[in-house]
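Letter by letter, the chains look like this.
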Amino acid sequence: MRIVFYYPVLVLALISLVNVTCAQTYDHLDYNQIKAIVFSNGQLFNNTPEGCMPGYEVPQGMNTYTIFSANLWIAGLDNENKIRSFAPKFNQNYVNYFGPASDDCKSEEFRLTYDKVWKVDIAEILFHIDNFDKPGYEMPESFSTWPAEGNIHNGEALNLAPYYDYNQNGIYDPESGDFPLIKGDYAVYFIYKDTDEHYYLSQDDMGLEFHGMLYGFNSTIGSVFSETLFLNYQIINRSQTNYSDVYAGLWTDFDLGYVYDDVFGSDSVNQMMYVYNSNIEDGYGVEDVYAEDFYGSPAPVQAVMLLNSEVHAAVDPDYYSGAHPGILYDYDDAVTYNVLQGKSMNGVPYFNPFALENGDTVITTYNYSGYPENGTGWIAPYAEYGGDVRGLISAGPYTLNSGEKICLDFALPYARDLQGDNLSALSVLREKAGAILDFFEENDLGCDSYQTGILDRISKQDKITVYPNPSNGEFNVDLSDIAEKTKIVRIYSIEGKLLEEFTSTESELELSIQTKGSYLLFLETSKNKYVSKFEIF
């Protein structure tokens, strides 16, 4: 089997975005046909370097986006039965939200430590395990700066980001083999808090700390993981206040290509809210300077699922059109609490006109839970023309006492029916969502589930031989010691960027790479994972 690869020279840079008030560091999770931006202050998918633009691109490289912005929302009752909330929307004025709860979050030392996000993938972890103690090994910056332990002298918690304690000494020391623990095969980790001034209508902070991880799984096109990312939050109460009747969820500003032709829907069976297009063609009839950013025909669909908890509400409180302006920016505590509970902004419950009980309509916390693809059930009244849609999917009520935590897991599946239309894509989405729920449950991917079994799944490097190594670009890979016949082969740059992937049943590979540099050959079977480094000179 002979395969030739041509790779451009890779130049990677860490970039900072300057917003209205201060710099916030960000990075992209750019795998699995998705490119998603994550900020150190917890902001997701919004305010890219080009300005106030969407930041969830799918498929990657097509300049088409499904989400403009997303943020975790939470609200509850404090010891005095007063509503307290934290509900940011867009990337506006988040001064010093990055990092854990602390006594001083404004120092230069704190900024240098925590005004960043940490991008890690499984290839880096495997290579680190095999090479951390070898001469010449260069550790990834995300490993050396991983925020495993806080500065207790600054009021920070000692235990922060998860890690594998290779030498079991209770201290994070990656130079001795320790490494970050991630979910999935690649991830961006971020940590932020609300223990600073709230630059919106809510005046009092809740004293919470948020540990977030956006992650995904290696996949082939068409699989359940294709064009899907996952999102895990751990919400820790670092205050002395006990909270009751707490609701939390993910607020999302959907922009499915063209902004003003989107329609909201919800699905209690598949635990999701979603947005689809009002027409088979995204941006139909619109002459716009950004028309090249539209999906065209057939339009896709985008969803947000809640995986680890029963969904309490899936609503669209912020639907916007010329006739229905909604609230574009920030909520006060009462409005936030109402929406998280699945009520309208003024606290009035929603009624499903298609669900009758003793002749009366039934209160619901699922907006527009019908089936547009079949024309049945409760469908949004603006489905013919669409609008700018914002949705919220939430869970609760919880009790969140001092020192306790809430864990939430989300999935963000995208679907498109290239042989159908905007509505048949919903059938594809529902099937994909059901498979994601099954996978999450069958693999026990709970709050504290990481790649903890990775050491048991790694065999020694002598199972996989690259020769000659280094080479001038022509080299062989001996797989004769691998018992399993079918093998997934991936080639990464030394920075951990996936460059090529294919499946092979051969015991010997003849490969050719035309660009000088260091590479990782990553091989996966149904039982094991292997990695080997090789050089092209």
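Up top is the structure these notes are about.
Residues numbered from 1 in each chain as written. Predicted model: local features only at pLDDT ≥ 70, side-chain atom pairs only at ≥ 80, totals over all residues. Heavy atoms only, no water.

A. Region of interest: the nonpolar core. Ranked by size, the top nonpolar core spans 105 residues in total, and within it Ile74, Ile235, Leu408 and Phe410 carry the most contacts. Considering each element in turn, this core owes the most residues, eight residues, to helix α5 (residues 424–442). Ile235 has contacts with Leu72, Ile74, Leu208, Glu209, Phe210, Ala248, Leu400, Glu404, Lys405, Ile406 and Leu408, leaving out every residue within four places of it along the chain. Listed in part, the 19 residues of the second largest apolar core include Val466, Val477, Tyr530 and Phe534. (Core = buried A, V, L, I, M, F, W, Y, C linked by side-chain atoms within 4.5 Å. Buried < 20%, exposed > 50% of the residue type's maximum accessible area, 1.4 Å probe, protein only. Helix = DSSP H or I, 4+ residues; strand = E, 2+ residues; numbered from the N terminus. Contact = heavy atoms within 4.5 Å.)

B. Quick peek at the state of the cysteines. Using the criterion set out here, one finds one disulfide in the structure. Each sulfur in the disulfide pair Cys407 and Cys447 lies 2.4 Å from the other. What sets the handedness of the Cys407 and Cys447 disulfide is the S-S torsion sign, and at about 105 degrees it is right-handed. You can see Cys407 sitting in strand β24 (residues 405–415) and its partner Cys447 sitting in the loop between α5 and β25 (465–467), a full 40 residues away along the chain. For the pair formed by Cys407 and Cys447, the shared burial category is buried. (Disulfide = S-S within 2.5 Å.)

C. Geometry of the packing of aromatic side chains. Under the defined criterion, the tally for this structure stands at 34 aromatic pairs. With 6.0 Å between their ring centres and 65 degrees between their planes, Tyr247 and Tyr337 make a pair best called edge-to-face. One end of the pair, Tyr247, is in strand β16 (residues 243–254); the other, Tyr337, is in helix α4 (residues 333–340), with 90 residues separating them in the sequence. One exposure class covers both Tyr247 and Tyr337, and it is buried. Put simply, the rings of Phe86, Tyr97, Phe190, Tyr192, Phe210, Tyr233 and Phe410 touch in pairs and so form one group of aromatic residues. The ring of Phe98 carries Lys193 above its face, with NZ or CZ at 5.6 Å from the centroid. (Phe/Tyr/Trp six-rings, centres within 6.5 Å; stacked < 30°, edge-to-face > 60°. Lys NZ or Arg CZ within 6 Å of the ring centre and 35° of its normal.)

D. Seen up close, unusual backbone geometry. For the bond from Tyr467 to Pro468, the omega torsion is -15 degrees, close enough to zero to count as cis. The step from Asn469 to Pro470 runs through a cis peptide bond, and the omega angle for that step is 10 degrees. Inspection of the secondary structure puts Pro470 in the loop between β25 and β26 (474–478). For Asn32, which is not glycine, the phi torsion reads 55 degrees and is therefore positive. Residue placement: Asn32 occurs in the loop between β3 (23–31) and β4 (34–39). What makes Asn32 buried here is its relative accessible area of 14%.

E. View of the environment of Glu175. One can find Glu175 in the loop between β11 (163–164) and β12 (179–180). Apart from residues lying up to four places away in sequence, Glu175 is in contact with Phe132 and Met139.

Purely geometric stuff here, so don't read any function into it on its own.
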